[in-house]
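# Topology and contacts: notes
Residue-level listing of the chains:
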Amino acid sequence: VLDLIRKSGEEEEECVDDSALAWFGRVKRRKRCDSWIPESNLCAALKSAEDWTLFDADALDEASQGFAISAYAARVFRCDLVDAEKLGQFTRIVDTEYGDNPYHNRLHGVDVMQAAHSLMSSRGPICEALEGDVSRLAILFAAMIHDLKHPGVNESFLIETQHELSLRYSDDSTLERMHLAEGFE
């Protein structure tokens, strides 16, 4: 699996650690994709994962064949904090459950994950205020699911039309409650 995803060419430098690559390969295999990810494209897309100004969610989504959140999670989640297999199963579901909403889709989800990760990686007051790896994990998880299954309309519309979501999740923070519930479902 590592040979299929690892960066090709003259450079021998790995784009992500072996455990992340192996995990992402298993995630992709379970999806039964027609082809494996071109390793140079994925590594190039992930190379900018830490850089706020260079990160390209579209390039990562294309290189990962529609699994941008899974690929980014493989890059940034520490495997000593979470079970890699469970994280892989979860992120694959998140990637598919975001849907094709024009804005609140997996590209937006991975973009927010990258922004949160970049802020936490900076040497500023946000980074200093975080206490430990569990806080960082929680922030990345929240960023990942923050708009999961977004219906593409705002809360006011849901309330005025007495949509099923406003009835189920209350008229107060309807969408936020729904995204959180979906993330834990």
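Being a predicted model, the structure only gives us computed values, none of them experimental.

Conventions we followed
Residues numbered from 1 in each chain as written. Predicted model: local features only at pLDDT ≥ 70, side-chain atom pairs only at ≥ 80, totals over all residues. Heavy atoms only, no water. Helix = DSSP H or I, 4+ residues; strand = E, 2+ residues; numbered from the N terminus. Expected span 1.5 Å × (residues − 1). Polar contact = N/O pair within 3.5 Å; in protein donor to acceptor, adjacent residues only side chain to side chain. Phe/Tyr/Trp six-rings, centres within 6.5 Å; stacked < 30°, edge-to-face > 60°. Buried < 20%, exposed > 50% of the residue type's maximum accessible area, 1.4 Å probe, protein only. Salt bridge = Lys/Arg side-chain N within 4 Å of Asp/Glu carboxyl O.

## Things to note about helix H7 (residues 106-121)
Compared with an ideal rise of 1.5 Å per residue, which puts 16 residues at 22 Å, H7 spans 22 Å between its outermost C-alpha atoms and is within 8% of the ideal. Structurally, the start of H7 carries an N-cap: the backbone nitrogen of Leu107 is 3.0 Å from a side-chain oxygen of Asn105.

## A short note on the packing of aromatic side chains
Summed over all chains, the structure comprises 3 aromatic pairs. Plain terms: the ring middles of Phe55 and Tyr72 are 5.6 Å apart, the flat faces sit at 70 degrees to each other, and that makes the pair edge-to-face. Of this pair, Phe55 sits in the loop between helix H3 (39-47) and helix H4 (57-63) while Tyr72 sits in helix H5 (residues 68-76), and the two are 17 residues apart along the sequence. For the pair shown, Phe55 and Tyr72 are each scored as buried. Between Phe141 and Phe184 the ring centres are 5.3 Å apart and the planes differ by 55 degrees, which places this aromatic pair in the tilted class. With Phe141 in helix H9 (residues 133-145) and Phe184 in helix H12 (residues 174-184), this residue pair connects regions lying 43 residues apart in the sequence. Judged by its relative accessible area of 21%, Phe141 falls in the partly exposed class. Phe184 sits in the exposed class, given a relative accessible area of 60%.

## Describing H5
By the criterion of burial, H5 is predominantly enclosed, with 8 of the 9 residues buried. The set of residues buried in H5 consists of Ala68, Ile69, Ser70, Ala71, Tyr72, Ala73, Ala74 and Val76.

## Some details on the pattern of salt bridges
Tallied over the entire structure, the rule returns 5 salt bridges. Across the salt bridge formed by Lys149 and Glu97, the nearest N and O atoms sit 3.1 Å from each other. Of this pair, Lys149 sits in the loop between H9 and helix H10 (155-160) while Glu97 sits in helix H6 (residues 84-97), and the two are 52 residues apart along the sequence. Residue classification places Lys149 among the partly exposed residues on the basis of a relative accessible area of 32%. A salt bridge links Glu164 to Arg168; the shortest N-O distance between them is 2.3 Å. Placement of the pair is Glu164 and Arg168 together in helix H11 (residues 164-169), with a separation of 4 residues, close to one helical turn. One network of salt bridges, with partners in common, ties together Glu97, Lys149 and Glu182.

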